[in-house]
Amino acid sequence: MPTSSPATGTASGNSRTSSGLSATHPPKDASMRTWLAILALAVGCFSFVSSEMLPVGLLGPIASGIHLSVGMTGLLVTGFALFVALTAGPLTVLTARFDRKWLMVALMAINLAGNALAASANSFAMLLLARLIVAAGIGIFWSIATAMAIRLVPEHQAVKATSLVLGGLAVASVLGVPLGTFIGQSLGWHAAFLVLAGLSLLVCLWAGALVPSLPSQGSASLKAIAVAYRHGPIRFI
């Protein structure tokens, strides 16, 4: 009756990696199409962050255009941040069951709508509404973007995928805001928002074409948000 020797058993055990894959068959890398889909998420990140920060570099021209003081116009920045803080959690819960691909497409459409409205705004109220539209989308975007990237690639490439998406934030901080300010000062602040609207449209189509369907993997409830809010340190923050 054939038996396996200790040496054979040891060799068999050593042929496995800690993840259970054969040492002679390394894990498969993500395809080029997948990396292009992740790049779409990175450009979406660039678009959202640039949209958030653009008024910082254009407060003067915007204030002159809508005939308000720079201080009052600054509410476009602080109001944006406050609205994100108040709505990011509830809106993320309300969209928790949506397919991640189509939610991302919808978020880029929201960013497009907000920037397009800002590009045509001629009053503080209209511009504030445009800013709040973008703010409604950015909180959800941050809750799903990196998670989507991780789901698109094999486990051993998760860090690389996350870094690529978050690279959009770094590029927006270093180049997006100064570039937007330059466009705004050269062609008018309306033009800067129009460029961001065009970029959002590009990402919307890009994600729709290349990002695969990613069904929701869980659910959440507004009750959890209320419980978290009742936690002292979180409420203080």
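Residues numbered from 1 in each chain as written. Predicted model: local features only at pLDDT ≥ 70, side-chain atom pairs only at ≥ 80, totals over all residues. Heavy atoms only, no water.

Colleague: It is not clear to me how helix H8 (residues 158-187) should be interpreted in this structure. Could you clarify?
Modeller: In an α-helix there are 3.6 residues to a turn, and that puts residues three or four apart on one side. Helix length check: H8 (30 residues) gives 41 Å between terminal C-alpha atoms against 44 Å at 1.5 Å per residue, within 8%. When we look at burial in H8, the residues that qualify are Ala 158, Ala 161, Thr 162, Val 165, Gly 168, Ala 172, Gly 176, Val 177, Gly 180, Thr 181, Ile 183 and Gly 184. Positioned one or two residues after H8, Gly 188 has a phi angle of 105°, which is positive. (Helix = DSSP H or I, 4+ residues; strand = E, 2+ residues; numbered from the N terminus. Expected span 1.5 Å × (residues − 1). Buried < 20%, exposed > 50% of the residue type's maximum accessible area, 1.4 Å probe, protein only.)

Colleague: Looking at this structure, I do not really get the side chain of Ser 50. What am I missing?
Modeller: Relative to the assigned elements, Ser 50 resides in helix H2 (residues 32-57). On the basis of relative accessible area, Ser 50 is assigned to the buried category, the value being 4%. Among the polar contacts made by the side chain of Ser 50, one reaches the main-chain carbonyl oxygen of Phe 46 at a distance of 2.8 Å. Excluding residues within four positions of it along the chain, Ser 50 makes contact with Ala 172, Gly 176 and Leu 196. (Polar contact = N/O pair within 3.5 Å; in protein donor to acceptor, adjacent residues only side chain to side chain. Contact = heavy atoms within 4.5 Å.)

Colleague: When you look at the nonpolar core in this model, what are you seeing that I'm missing?
Modeller: The tendency in soluble globular proteins is for nonpolar side chains to be buried side by side. In this structure, Ile 38 and Met 104 are the most contacted members of the largest nonpolar core, which totals 40 residues. Broken down by secondary-structure element, the contributors of at least two residues to this core are H2, helix H5 (75-94), helix H6 (100-119), helix H7 (124-152), H8 and helix H9 (189-210). In this structure, Ile 38 is in contact with Ala 149, Leu 152, Val 153, Ala 161, Leu 164 and Val 165, ignoring residues within four places of it in sequence. Grouped together as the second largest cluster of nonpolar side chains are 17 residues, Ile 62, Ala 121, Phe 124 and Ala 191 included. (Core = buried A, V, L, I, M, F, W, Y, C linked by side-chain atoms within 4.5 Å.)

Colleague: Even after reading the chapter, I still don't get H5, so can you show me in this structure?
Modeller: The terminal C-alpha atoms of H5, which comprises 20 residues, lie 27 Å apart, in line with the 28 Å expected from a rise of 1.5 Å per residue. Bending of H5 peaks at approximately 45° at the position of Thr 87, with proline Pro 90 no more than four residues after it. Within the sequence span of H5, burial applies to Leu 76, Phe 80, Val 84, Thr 87 and Val 93. (Bend = angle between axes of the 7 residues up to and from the residue.)

Colleague: How should I be thinking about a nonpolar patch on the surface in this particular structure?
Modeller: Where nonpolar side chains cluster on the molecular surface, the patch consists of Met 32, Leu 36, Leu 39 and Leu 164 and spans about 330 Å² of accessible area. Considering every element that reaches the nonpolar patch, the biggest residue donor is H2, with 3 residues. Assignment of secondary structure puts Met 32 in helix H2. (Patch = residues over 30% accessible without salt bridge, like charges linked within 9 Å, V, L, I, M, F, W, Y side chains within 5 Å. Areas by Shrake-Rupley, 256 points an atom, 1.4 Å probe, with all protein chains shown as cover. Salt bridge = Lys/Arg side-chain N within 4 Å of Asp/Glu carboxyl O.)

Colleague: Can you help me understand the packing of aromatic side chains in this one?
Modeller: For any pair of aromatic rings, geometry is given as the distance between the ring centres together with the angle between the planes. If you walk through the whole model with that rule in mind, you get 3 aromatic pairs. For the pair Phe 48 and Phe 141, a centre-to-centre distance of 5.0 Å together with 45° between the ring planes defines the contact as tilted. Of this pair, Phe 48 sits in helix H2 while Phe 141 sits in helix H7, and the two are 93 residues apart along the sequence. You'll find Phe 48 and Phe 141 in the same group, each marked buried. Measuring from ring centre to ring centre gives 6.2 Å for Trp 189 and Phe 193, while their planes differ by 90°; the resulting arrangement is edge-to-face. You can see Trp 189 and its partner Phe 193 sitting in helix H9, 4 residues apart, about one turn around the helix. For Trp 189, a relative accessible area of 6% gives the class buried. A relative accessible area of 1% means that Phe 193 is categorised as buried. (Phe/Tyr/Trp six-rings, centres within 6.5 Å; stacked < 30°, edge-to-face > 60°.)

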